[in-house]
Number of protein chains: 2
Amino acid sequence: MLSAEILAVGTELLLGSIANTNAQMISQSLSGLGVNVFWHTVVGDNPGRLEEALDIARKRANVLITVGGLGPTYDDLTKEVVCRAFGRRLTFRGDIAEELRGLYETVFRVPMPENNLRQAELPEGCTVFDNPVGTAPGCAFYEDGVHVLMLPGPPEECEAMLHRHAEPYLRSLSDEVLLSRDILCFGIGESAVDQLLRDKMSQMKNPSLATYAKPAEMCLRVTAKAKTCDEAEAMLAPVVDEVKKALGDVIYGVDVSSLEEACKKLLQEQKLSLATAESCTGGLLAQRMTELPGVSAVYRGGVVAYWTSVKADVLGVPWALLDEFGAVSEPVARAMAEGVCAVTGAELGISVTGVAGPDADERGNPVGLVYLGLCTPKGTFCRKLTLGRRKRERIRALAANTGLDMVRRFLTGLPLEPTREK
Amino acid sequence: MLSAEILAVGTELLLGSIANTNAQMISQSLSGLGVNVFWHTVVGDNPGRLEEALDIARKRANVLITVGGLGPTYDDLTKEVVCRAFGRRLTFRGDIAEELRGLYETVFRVPMPENNLRQAELPEGCTVFDNPVGTAPGCAFYEDGVHVLMLPGPPEECEAMLHRHAEPYLRSLSDEVLLSRDILCFGIGESAVDQLLRDKMSQMKNPSLATYAKPAEMCLRVTAKAKTCDEAEAMLAPVVDEVKKALGDVIYGVDVSSLEEACKKLLQEQKLSLATAESCTGGLLAQRMTELPGVSAVYRGGVVAYWTSVKADVLGVPWALLDEFGAVSEPVARAMAEGVCAVTGAELGISVTGVAGPDADERGNPVGLVYLGLCTPKGTFCRKLTLGRRKRERIRALAANTGLDMVRRFLTGLPLEPTREK
């Protein structure tokens, strides 16, 4: 079994100047190749601590991927320290030096700085990974039971070399494939999922089942390991069905990227268009819809009616309703949804009005009280949420997700509220 | 000297489902507190490997911060394993259980799932860190020469607990103060800042000067280390003045959280209100304004005019203009800004119309072409941006920032475009 450690080298990671996105990218790739990643480590540009990290890693992993420290400057020391730790000589490769010099002369059209020759030094007998988007080559070698791969730190160089060289190298070592399905849910909490599926999740090893909290929603990932893709597919299907049966209509999609993506697909299929009328979410629904490329086919636009006068003047909500019930009320939510359909001509209109906080509104409505309206050719519907004293952005995110979920539920003929308890 | 290791626990990190942004956030914070971070480690939800990681960490760090694994489910095992490793009893805290139960009954209004009681178990004699945005408390204790801090994994919970509890806890361990000023800029690139201030940045140690790229903008941080706050303040002031002189009017604020925050303050001071009319940014400007608590005093609302018909029907842009010049044009940007002032009654109106991609529009306007309009009591102004083939979200972010910067520049009497080269 291949078990990997990803060892990133770079003081900028320890200072928090950048996140370790290389480790994430490599982990995703390895998980797709069926290589287990058990450890990520980050050390600074410090030879002593790097050597210490290598000593620990070689004892617990048989695939060790270092990232960073391959460049030409004095603090790029990964190759020297790795060679020392694994007892390999670092040798000067004339062929690579010539390539580098050629690159400078014909492509960059400047003389090569002499310190760049350090990039032509590589562990004796290694497999060279050429760098499709930069100058520092990477490499791989096998020593003392460990496959050592060295990749460059700049994310685009790391990614290019990973796909072009490291993946084929690792694939040749393994004969398994790993496949996943993401089951996306809204309207159910992590502990409820845990109670429904706990036994299953703890017992299942292959396929495995795990939960991931996303902002204001939930993802369940089923992963199967097999000899072939077909075999993995066949293992996944019954588990996905079982989860679907257990969770019911809180599932909004499988392998869909977001609720708005699910809504976009449904609107396209049914040749309908949507408009938004937002008060407390202040454009968040509109913004999320328009993040999707090509959404203009189904999303017409919307109104951010933050002031009461904008609800009346732009959306045509009657002043009588606003005076009698206040802006945060079911009648106003309905009138906003109907109003935005009227002014934009959309078949579906979703509205949100509520108190996002930090304070109660002038009528004393508490933080977290939200009304949503959905205007459709079959009538106008309404939902009331009491989200409690959560943070402002959390209330906005939950309200926006609920609005999108109402659209999704309407278009799939489901009741507009989840039928099970949260 | 305090030297820290950040140990994140979570299989989702090893699968590459998420990046370890918590480690980045904590590293930034610790670097601001003068605590050296020498190691990041990630392990999965596996008790054996977590114990192994703790054994290694306690030998090389005197501040150990664990992240994740504090929740109610069976794979949340950080507290148990940490207690075992450090020889502390894990005790059930009735007071915390009561708080949790109260939260469920009065706020969530559902009975608390019994597995949630696991969150009330904490190491004996620890300092409890309550969770301002979730349910799982964190904690800190000192054992065998090591300060152990446990923070929750969901990034917003981790961040809130870091600022509210972990930072004061760590600050109390050190006898130096570290003070920073963030100088925020828009309209200048990192390499231009580097060219203007490179010598200064490389020579200065205390105060130090560093750049941080934020999405579509730039932050310069000046940091001073001293015995007292007054001393640190006195060291910072002349450096801030010097940077202001060097960069000029691309600076939109010092210690301001965002361009929209700067706009909100100016609008409040001048008792003016703003409205937005957005096409390609699709509600992003509105959403960013309304993320600010209390913004309803100065932000009236807006229109997301994604379809051309919405530009005409809701904003009153004349069809003649739309037919002659197309939706992505200076006359339409002007008419949108004026239209949104007319329908909302706001004194200032900002509009955005452009091509965010991935494809050119039906008139052949290229990706990255954006017009912005600003309607004011002194007339309507316009800016044209050619942002090139950048990613969709990057074009939207740059366009939104430019719109906010136009408002900021108008309200401070500056020319609407930066006077120096980018």
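Keep in mind that what you see is a predicted model, and the values were worked out from it rather than measured.

### Digging into the overall build of chain A
Each helix and strand counted, chain A has 14 helices and 17 strands in total. Whereas a compact globule of 422 residues would reach a radius of gyration of roughly 22 Å, chain A reaches 28 Å, over 25% beyond that. Projected onto its principal axes, the C-alpha coordinates of chain A cover approximately 85 × 55 × 40 Å. In chain A, which comprises 422 residues, the proportion classed as buried is 45%.

### Re the interface of chain A and chain B
With 66 residues of chain A at the interface, the matching set in chain B holds 67 residues. Classifying every residue of the side of chain A that touches chain B by side-chain character gives 29 nonpolar, 24 polar and 13 charged. Pairing of strand S14 (residues 299–305) of chain A with strand S14 (residues 299–305) of chain B, which is carried by five bridges, proceeds in the antiparallel orientation. If you follow Gly 301 of chain A over to S14 of chain B, its bridge partner there is Ala 305 of chain B.

### Section: the environment of Cys 139 of chain B
Residues and elements named next belong to chain B. As for its position among the elements, Cys 139 is in strand S7 (residues 138–143). Under the C-beta neighbour-count criterion, Cys 139 is labelled buried, with 22 such atoms within 10 Å. Along the primary structure Cys 139 and Val 128 are separated by 11 residues, whereas in three dimensions their C-alpha atoms are 4.4 Å apart. Contact partners of Cys 139, with chain neighbours within four places excluded, come to Leu 122, Pro 123, Cys 126, Thr 127, Val 128, Phe 129 and Met 150.

### Notes on the domain arrangement of chain A
Parsing chain A into structural domains produces domain 1 (3–171), domain 2 (177–254) and domain 3 (259–411). Averaged C-alpha coordinates put domain 1 of chain A and domain 2 of chain A at centres separated by 35 Å.

### Digging into helix H2 (residues 21–33) of chain B
The first and last C-alpha atoms of H2 of chain B sit 19 Å apart over 13 residues, in line with the 18 Å expected at 1.5 Å per residue. Taken together, the buried positions of H2 of chain B are occupied by Asn 22, Ala 23, Gln 24, Ile 26, Ser 27 and Leu 30 of chain B. The secondary structure elements touched by the buried residues of H2 of chain B are helix H1 (11–14) of chain A together with strand S1 (3–9), strand S2 (36–43), strand S3 (63–67) and helix H6 (155–171) of chain B. Just beyond H2 of chain B, the residue with positive phi is Gly 34 of chain B, at close to 80°.

### Examining the packing of helix H3 (residues 47–60) of chain A against helix H4 (residues 78–86) of chain A
All names here are of chain A. In the contact formed by H3 and H4, the axes pass within 10 Å of each other and the chain directions differ by 45°. By the angle between their directions, the pair H3 and H4 is classed as oblique. With respect to the hand of their crossing, H3 and H4 are arranged in right-handed fashion. Each of Pro 47, Leu 50, Glu 51, Leu 54 and Asp 55 in H3 lies in contact with H4, whose residues at this interface are Val 81, Val 82 and Ala 85.

### Comments concerning the sheet that holds strand S13 (residues 274–278) of chain B
In spatial order, the strands read S17(A)-S16(A)-S15(A)-S13(A)-S14(A)-S14(B)-S13(B)-S15(B)-S16(B)-S17(B); together these 10 strands make up an open sheet with mixed pairing. Each having just a single partner strand, strand S17 (379–386) of chain A together with strand S17 (379–386) of chain B make up the two edges of the open sheet. The average angle at which neighbouring strand axes cross in this sheet is 10°, direction not considered. With five bridges connecting them, S13 of chain B and strand S15 (residues 348–354) of chain B associate as parallel partners. Note that in S15 of chain B the partner of Glu 278 of chain B across the bridge is Val 352 of chain B. Along the sheet, helix H13 (residues 330–344) of chain B makes contact with S13, S14, S15, strand S16 (369–376) and S17 of chain B, crossing S15 of chain B at roughly 140°. Across the sheet, helix H14 (residues 392–411) of chain B lies against S13, S15, S16 and S17 of chain B, angled at about 30° from S16 of chain B, the strand it touches most.

### Here's the deal with the sheet that holds strand S8 (residues 146–151) of chain B
Here we have 12 strands laid out as an open sheet, ordered S6(A)-S7(A)-S8(A)-S3(A)-S1(A)-S2(A)-S2(B)-S1(B)-S3(B)-S8(B)-S7(B)-S6(B), and mixed in their pairing. Edge strands, defined here as strands with exactly one partner in the open sheet, are strand S6 (127–129) of chain A together with strand S6 (127–129) of chain B. Ignoring strand direction, the axes of neighbouring strands in this sheet form an average angle of 15°. Its contacts with the sheet place helix H3 (residues 47–60) of chain B against strand S2 (36–43) of chain A together with S1, S2, S3 and S8 of chain B, and it is angled at close to 170° to S2 of chain B. Running over the sheet, H6 of chain B touches S3, S6, S7 and S8 of chain B and is turned about 155° from S8 of chain B.

### Concerning the nonpolar core
Among soluble globular proteins, nonpolar side chains are generally buried collectively. Of all hydrophobic cores here, the largest spans 142 residues; its most connected members are Cys 185 and Met 336 of chain A together with Met 336 of chain B. Not counting the four nearest positions on each side in its chain, Cys 185 of chain A is found in contact with Glu 217, Met 218, Leu 220, Leu 247, Val 250, Ile 251 and Tyr 252 of chain A. The next biggest cluster of nonpolar side chains, apart from the first, holds 90 residues, and it includes Val 63, Cys 83 and Ala 85 of chain A together with Val 37 of chain B.

### Here's the deal with helix H9 (residues 259–270) of chain B
All names here are of chain B. Along its 12 residues, H9 runs 17 Å from first to last C-alpha, staying within 8% of the 16 Å computed at 1.5 Å per residue. Buried within H9 are the following residues: Leu 259, Glu 260, Ala 262, Cys 263, Lys 264 and Leu 267. Count one or two residues on from H9 and you reach Lys 271, which has phi positive near 50°.

### A word on the pairing of S15 of chain B
Residues and elements named next belong to chain B. Summarising burial for S15: seven of the seven residues are buried, a large majority. A two-sided burial pattern is seen for S15, the buried positions comprising Leu 348, Ile 350, Val 352 and Gly 354 on one face and Gly 349, Ser 351 and Thr 353 on the other. Relative to S16, S15 runs antiparallel, the two being bridged by six bridges. Bridge pairing in S16 places Gly 354 opposite Val 370.

### As for the environment of Gly 69 of chain B
All names here are of chain B. Among the secondary structure elements, Gly 69 is positioned in the loop between S3 and helix H4 (78–86). A sequence separation of 60 residues divides Gly 69 from Val 9, and the C-alpha atoms of the two residues are 6.2 Å apart. Those residues in contact with Gly 69 that sit more than four places away from it in its chain are Val 9, Gly 10, Asp 45, Asp 76, Leu 77, Thr 78 and Gly 153.

### Section: unusual backbone geometry
Each neighbour pair has its own omega, and for Asn 206 of chain A with Pro 207 of chain A the value is 0°, a cis peptide bond. Its identity is not glycine, yet Asp 144 of chain B carries a phi of approximately 55°, on the positive side. Among the secondary structure elements, Asp 144 of chain B is positioned in the loop between S7 and S8. Backbone geometry places Asp 255 of chain B, a non-glycine residue, at a positive phi of 55°.

### Examining the environment of Glu 338 of chain A
Residue and element names in this part refer to chain A. Position of Glu 338 relative to the elements: it lies in helix H13 (residues 330–344). Spatially, the C-alpha atoms of Glu 338 and Ile 350 are 8.5 Å apart, while their sequence positions differ by 12 residues. Beyond its immediate stretch of four places on either side in the chain, Glu 338 contacts Gly 349, Cys 375 and Thr 380.

Reading the values: the criteria
- Residues numbered from 1 in each chain as written.
- Chains lettered and ligands numbered in written order.
- Predicted model: local features only at pLDDT ≥ 70, side-chain atom pairs only at ≥ 80, totals over all residues.
- Helix = DSSP H or I, 4+ residues; strand = E, 2+ residues; numbered from the N terminus.
- Rg over C-alpha atoms; globule rule 2.2 N^0.38 Å.
- Buried ≥ 20, exposed ≤ 12 C-beta atoms within 10 Å, placed from the backbone.
- Contact = placed C-beta atoms within 7 Å.
- Nonpolar A, V, L, I, M, F, W, Y, C, P; charged D, E, K, R; others polar.
- Pairing = 2+ DSSP bridges.
- Domains from an automatic or database assignment.
- Expected span 1.5 Å × (residues − 1).
- Axes fitted to C-alpha atoms, helices over the stretch in contact; angles between N-to-C directions.
- Parallel < 35°, antiparallel > 145°, perpendicular 65-115°, else oblique.
- Left-handed = near helix turned anticlockwise from the far one by under 90°.
- Core = buried A, V, L, I, M, F, W, Y, C linked by C-beta atoms within 7 Å.

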